[in-house]
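Take a look at the letters that make up each chain.
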Amino acid sequence: MLSACGGSGDDETPTVTEPPVVIYPDFTDITASGGDTTTYDAGNSGHGFSTPSPNLTEADLALHLEGDANFEISFTTAPNEQHPEQDGLGPVFNNADCNSCHQRDGRNSTPFLAADETRVKLGSDAGIFLRISKTPDEECITPTADNDYCAPIAVPDFGGQLFHRGVLKARADWQDNAFGGQADVYLSYDRSAVTYSDGTSVELKKPIFEVENPYDAPGETKQSANVTSNLLQDDVLMGWRNGMPVFGLGLLEAIPEADILALADENDANDDGISGRPNWVFDAIKDRNGDETPVSLGRFGWKANTPSVRVQSLGALRGDIGITNPLFPDESVVGTSLHDSYLTRTGFVDTGSDENGAPEADQAFSDAVVFYAETLAVPARRNVDDSDVREGARLFTQVNCSGCHTPSFTTKTVGDIGGIEIIDSLKGQVIYPFTDMLLHDMGDDLADGRPDFLANGNEWRTRPLWGLGLTQTVNPQAGFLHDGRAATVEEAILWHGGEASNSKEAFMALTKAERDQLVSFLMSL
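Quick caveat: nothing in here was measured; it's all calculated off a predicted structure.

Asks: Explain the sheet that holds strand β9 (residues 236-242) to me, and be specific about the residues and the numbers.
Replies: On the basis of which strands lie adjacent, the open sheet formed by three strands has the order β5-β4-β9 and antiparallel pairing. What marks the edges here is a single partner per strand, and that holds for β5 (161-162) and β9. Here seven bridges tie strand β4 (residues 128-134) to β9, and the two strands are oriented antiparallel to one another. By the bridge assignment, S133 is partnered in β9 with L237.

Below, the structure is given as structure tokens:
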């Protein structure tokens, strides 16, 4: 009897090729980005960033809602006899309320140019402003009282922030510049393109600012034949600043300092091209309490230049709006020629304090608005079961975005935030903000050249990524990065340089499908 063709008659087991095992990062399936403070009601709502943390006690919720009302107040020029609790605006300022820079608790709108415009003047609808300072003689290494703790050097007769708006008579030339601020600021864009190896092209835009008509030399510009204004001197540094989202801030402040410092690698000892480092900044709360060394780890602001939600919030209340408060009782322009002239010309009706010397915002108002910013819920992740989102999570790790955007921390269980004991709702939360809270050199293209405490002109704090996918649901006109230049998440990635160059190049080397998957993951956050 013949056997089957070509065989010995022995049975052969066919070779089975197993599909490769795909290992996804631990955070792939996580939805509770803020632990117990996560809200699952955000969905695709335009108010997705405005929900109170769901684990607040009844008393804490009442304080949060009080702060919410304070956050929405649009302040007026003093005196306001009918609503004295709302007066004190300015005399120079950037916006009249918190919401204008943090629209619906998210980012501000990016200014746009009409088709027939080459530049636009910043006005009441601008949530962006300029930080200003003088060029230091040398790099500041160690903050001490003798070097003002490495704080930026104020521009004489102007300060550290440029206020482009003012109350009616803020300027001595108010009849020609009614409601004018310290100077006029104009915005235009320089456009370029990036092309992938597959031929896909993405247009990028870089904001260009021009400052003109300063109050100390009306009508003057940088191109004037004889520049006399303190603001327009060659050694004055300027940098754009966009308003940031304000949810989840209490959780970020509750990350143990040691856990952040453990991620620092200033000398790049592991040779991965990433060398995050902390910023150590002046702490107004420690100074008020008589601390001999009023310096703390910087956690907030684009260059991690403020140590706590309290300092950040009340500094903005006094700076951006002009409302003095118990932590910052003096106007930000006190002692300048503009302020002295304003007080004299208006009969000292708006000195920044009442007849008893109390600031414009009292302690209760200040405490409530700070608590509001500390206790906004973090929106839950979405679409975590989507295959593209899952692949994007893997690619996020593969191209080493996680080298700076550290996925997770656990908040502390004891201690204080902003000088006040931490509330139970923020304790011991496992959170997924995707930030290391450290400074990184992001390259020359993103640099503003302006140091801020220990941060140099190329360094920026790693932005938390949670809530990223709801950014333009909350505000369709919002942009990304410190000056809003990126209209999409992809554009923001393409602006990365410096320590992020390897990750950007790895992203650009992906196929279009893979790039889309990585972006899909980011939009799920």
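So, next bit.
Asks: How would you summarise the environment of T375 if you had to cite specific residues and measurements?
Replies: With respect to the helices, strands and loops of the structure, T375 is situated in the loop between α7 (363-374) and β12 (378-379). The buried category is assigned to T375, whose relative accessible area is 1%. It is 10.0 Å that separates the C-alpha atoms of T375 and S50, two residues lying 325 residues apart in sequence. Sequence-distant contacts of T375, defined by excluding residues within four places in its chain, comprise P52, S53, L56, H64 and I423. Among the polar contacts listed, one links the side chain of T375 to the backbone oxygen of F371, at a separation of 2.6 Å.

Asks: Residue-level account of the pattern of salt bridges, with values.
Replies: Under the definition given, this model contains 19 salt bridges. Here R450 makes a salt bridge to D452, at a shortest N to O gap of 3.5 Å. There is no split in this pair, since R450 and D452 are both buried. By sharing partners, the salt bridges in this structure join R119, E210 and E212 into a single network.

Asks: Tell me about the sheet that holds strand β7 (residues 184-195), and please be specific about residues and values.
Replies: Taken in spatial order, the three strands line up as β3-β7-β8 in an open sheet, and their pairing is antiparallel. Whereas interior strands pair on both sides, the edge strands pair on one side only; in this sheet they are β3 (120-121) and β8 (201-212). In this structure, β3 lies alongside β7, joined through two bridges in antiparallel fashion. Of the residues in β7, the one forming a bridge with V120 is L187.

Asks: Give a detailed account of helix α12 (residues 512-524), specifying residues and quantitative values.
Replies: Between its first and last C-alpha, α12 extends 18 Å over 13 residues, near the 18 Å set by a 1.5 Å rise per residue. By the burial criterion, the buried members of α12 are R515, Q517, L518, V519, F521, L522 and S524. The inward-facing, buried residues of α12 contact α8 (387-398), α10 (489-495) and α11 (501-509).

Asks: Could you give an account of the state of the cysteines, naming the residues involved and the relevant values?
Replies: In total, this model carries one disulfide according to the counting rule given. Paired through a disulfide, C140 and C150 show a sulfur-sulfur distance of 2.0 Å. Residues C140 and C150 are joined through a disulfide that is left-handed, its torsion about the S-S bond being -70 degrees. Highlighted residues: C140 in the loop between β4 and β5 and C150 in the loop between β4 and β5, separated in sequence by 10 residues. Relative accessible area serves as the criterion here: at 23%, C140 is assigned to the partly exposed category. Here C98 is not cross-linked by a disulfide; its sulfur's nearest cysteine counterpart is in C101, at 8.6 Å. By relative accessible area, which is 16% here, C98 ends up buried. Free cysteine C401: the closest other cysteine sulfur is in C404, separated by 9.1 Å.

Asks: Talk me through the nonpolar core; I want residue IDs and the actual numbers.
Replies: Judged by nonpolar contacts, the single largest core of 78 residues is most densely connected at F75, L162, V211, L231 and L317. Looking at this core, the element that brings in the most residues is α7, giving six residues. Residues F396, C401, L468 and F480 belong to the second largest nonpolar core, which totals 35 residues.

Asks: Pulling in residues and values, what's your account of the packing of α8 against α12?
Replies: Between α8 and α12, whose axes approach to 7 Å, the crossing angle comes to 100 degrees. By the angle class used here, α8 and α12 are roughly perpendicular. Within the contact between the two elements, α8 uses D388, V389, E391, G392, A393, L395 and F396 and α12 uses E514, Q517, L518, S520, F521, L522 and S524.

Asks: With reference to specific residues and values, describe the packing of aromatic side chains.
Replies: One pass over the structure, following the stated rule, counts 14 aromatic pairs. Summarising the aromatic geometry, the rings of F396 and F434 are spaced 5.7 Å apart at their centres and angled 90 degrees between planes, so their arrangement reads as edge-to-face. Placement of F396 in helix α8 and of F434 in the loop between β16 (430-431) and β17 (439-441) is noted, with a sequence separation of 38 residues between them. For F396, a relative accessible area of 1% puts it in the buried group. Grouping aromatic residues by their ring pairs yields a cluster made of F27, F396, F434 and F521. Positioned above the aromatic ring of Y24 is the side chain of R390, whose terminal nitrogen or guanidinium carbon lies 4.7 Å from the ring centre. If you follow R485 out to its NZ or CZ, it ends over the ring of W495, 4.4 Å from the centre.

Quick notes on the rules
Residues numbered from 1 in each chain as written. Predicted model: local features only at pLDDT ≥ 70, side-chain atom pairs only at ≥ 80, totals over all residues. Heavy atoms only, no water. Pairing = 2+ DSSP bridges. Helix = DSSP H or I, 4+ residues; strand = E, 2+ residues; numbered from the N terminus. Buried < 20%, exposed > 50% of the residue type's maximum accessible area, 1.4 Å probe, protein only. Contact = heavy atoms within 4.5 Å. Polar contact = N/O pair within 3.5 Å; in protein donor to acceptor, adjacent residues only side chain to side chain. Salt bridge = Lys/Arg side-chain N within 4 Å of Asp/Glu carboxyl O. Expected span 1.5 Å × (residues − 1). Disulfide = S-S within 2.5 Å. Core = buried A, V, L, I, M, F, W, Y, C linked by side-chain atoms within 4.5 Å. Axes fitted to C-alpha atoms, helices over the stretch in contact; angles between N-to-C directions. Parallel < 35°, antiparallel > 145°, perpendicular 65-115°, else oblique. Phe/Tyr/Trp six-rings, centres within 6.5 Å; stacked < 30°, edge-to-face > 60°. Lys NZ or Arg CZ within 6 Å of the ring centre and 35° of its normal.

Treat this as a map of the structure, not an account of what it does.
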